[in-house]
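Read off the chains here:
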Amino acid sequence: MRPLLARFYATIARPSKLRPTLSLEHFVQRQRAIALYRDISRALKKIPPSPTRSEMHHFARTEFEQHRAVTDISHIRYLISTGRTQFDSMKRYVEQI
């Protein structure tokens, strides 16, 4: 039983190789970005299946993927506010349908 516990504690002590630890501000902005993406996805589900819906989904997905590696907080804030503005204008369009 001891070798098993030693192996268990060794894995706990090892630093995670998955992602570096986020600062509080990065964590908050990450949550805001995820919330924006979810809002966009929910709004797009209200559009009947069509080429427009597919194009909007593809555009949103591409924008999020393109800026995935951005780490500068001010740039992240800018991208989220720009995305929110684009989403609001898209939302008005969706509500007219």
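Residues numbered from 1 in each chain as written. Predicted model: local features only at pLDDT ≥ 70, side-chain atom pairs only at ≥ 80, totals over all residues. Heavy atoms only, no water.

**Side note on the packing of helix α2 (residues 24–45) against helix α3 (residues 51–66)**
Between two packed helices, what matters for the description is the angle formed by their axes and the separation of those axes.
Thought 1: Running from amino to carboxyl end, α2 crosses α3 at an angle of 170°, the nearest separation of the two axes being 10 Å. Viewed along their axes, α2 and α3 adopt a mutual orientation that is roughly antiparallel. Residues Ala-33, Leu-36, Tyr-37, Ile-40, Leu-44 and Lys-45 of α2 form the contact with α3, whose participating residues are Arg-53, Met-56, His-57, Ala-60, Arg-61 and Phe-64.
Thought 2: For the contact of α2 with α3, the class distribution of residues is eight nonpolar, one polar and three charged. (Axes fitted to C-alpha atoms, helices over the stretch in contact; angles between N-to-C directions. Helix = DSSP H or I, 4+ residues; strand = E, 2+ residues; numbered from the N terminus. Parallel < 35°, antiparallel > 145°, perpendicular 65-115°, else oblique. Contact = heavy atoms within 4.5 Å. Nonpolar A, V, L, I, M, F, W, Y, C, P; charged D, E, K, R; others polar.)

**Re the pattern of salt bridges**
Thought 1: Counted by the stated rule, this structure contains five salt bridges.
Thought 2: Note that Arg-42 is salt-bridged to Asp-39, the shortest N-O span being 3.8 Å. Here Arg-42 and its partner Asp-39 are both found in helix α2, three residues apart, which amounts to about one turn of the helix.
Thought 3: For Arg-42, a relative accessible area of 52% gives the class exposed.
Thought 4: Of the charged contacts in the structure, one is a salt bridge between Arg-68 and Glu-65, with a shortest N-O distance of 3.4 Å.
Thought 5: The class of Glu-65 is partly exposed, set by a relative accessible area of 38%.
Thought 6: Residues joined by salt bridges that share partners form a network here, namely Asp-39, Arg-42 and Arg-84. (Salt bridge = Lys/Arg side-chain N within 4 Å of Asp/Glu carboxyl O. Buried < 20%, exposed > 50% of the residue type's maximum accessible area, 1.4 Å probe, protein only.)

**Re the packing of α2 against helix α4 (residues 73–96)**
Thought 1: The interhelical angle for the contact between α2 and α4, taken along N-to-C directions, is 15°, at an axis separation of 10 Å. Considered as vectors, α2 and α4 are oriented roughly parallel to each other. The element α2 and its partner α4 pack so that their crossing is left-handed. Of α4, the residues touching α2 (which contributes Glu-25, His-26, Gln-29, Arg-32, Ala-33, Leu-36, Asp-39, Ile-40, Ala-43 and Leu-44) are Ile-73, Ile-76, Arg-77, Ile-80, Gly-83, Arg-84, Phe-87, Met-90 and Val-94. (Left-handed = near helix turned anticlockwise from the far one by under 90°.)

**Observations concerning the confidence of the model for the protein**
Thought 1: Residue-level pLDDT values for the protein average 83, and 81% of them are 70 or greater.
Thought 2: Across the protein, the secondary-structure element scoring lowest on mean pLDDT is helix α1 (residues 2–13), at 54, and the one scoring highest is α2, at 93. (pLDDT = per-residue confidence, 0-100.)

**Comments concerning the nonpolar core**
Thought 1: Leu-36, Ile-40, Ala-43, Leu-44, Ile-47, Met-56, Ala-60, Phe-87, Met-90 and Val-94 form the largest nonpolar core, which has ten residues in total.
Thought 2: Secondary structure elements with two or more residues in this core: α2, α3 and α4.
Thought 3: If we ignore the near neighbours within four places in the chain, the residues touching Met-56 are Leu-44, Ile-47, Met-90 and Tyr-93. (Core = buried A, V, L, I, M, F, W, Y, C linked by side-chain atoms within 4.5 Å.)

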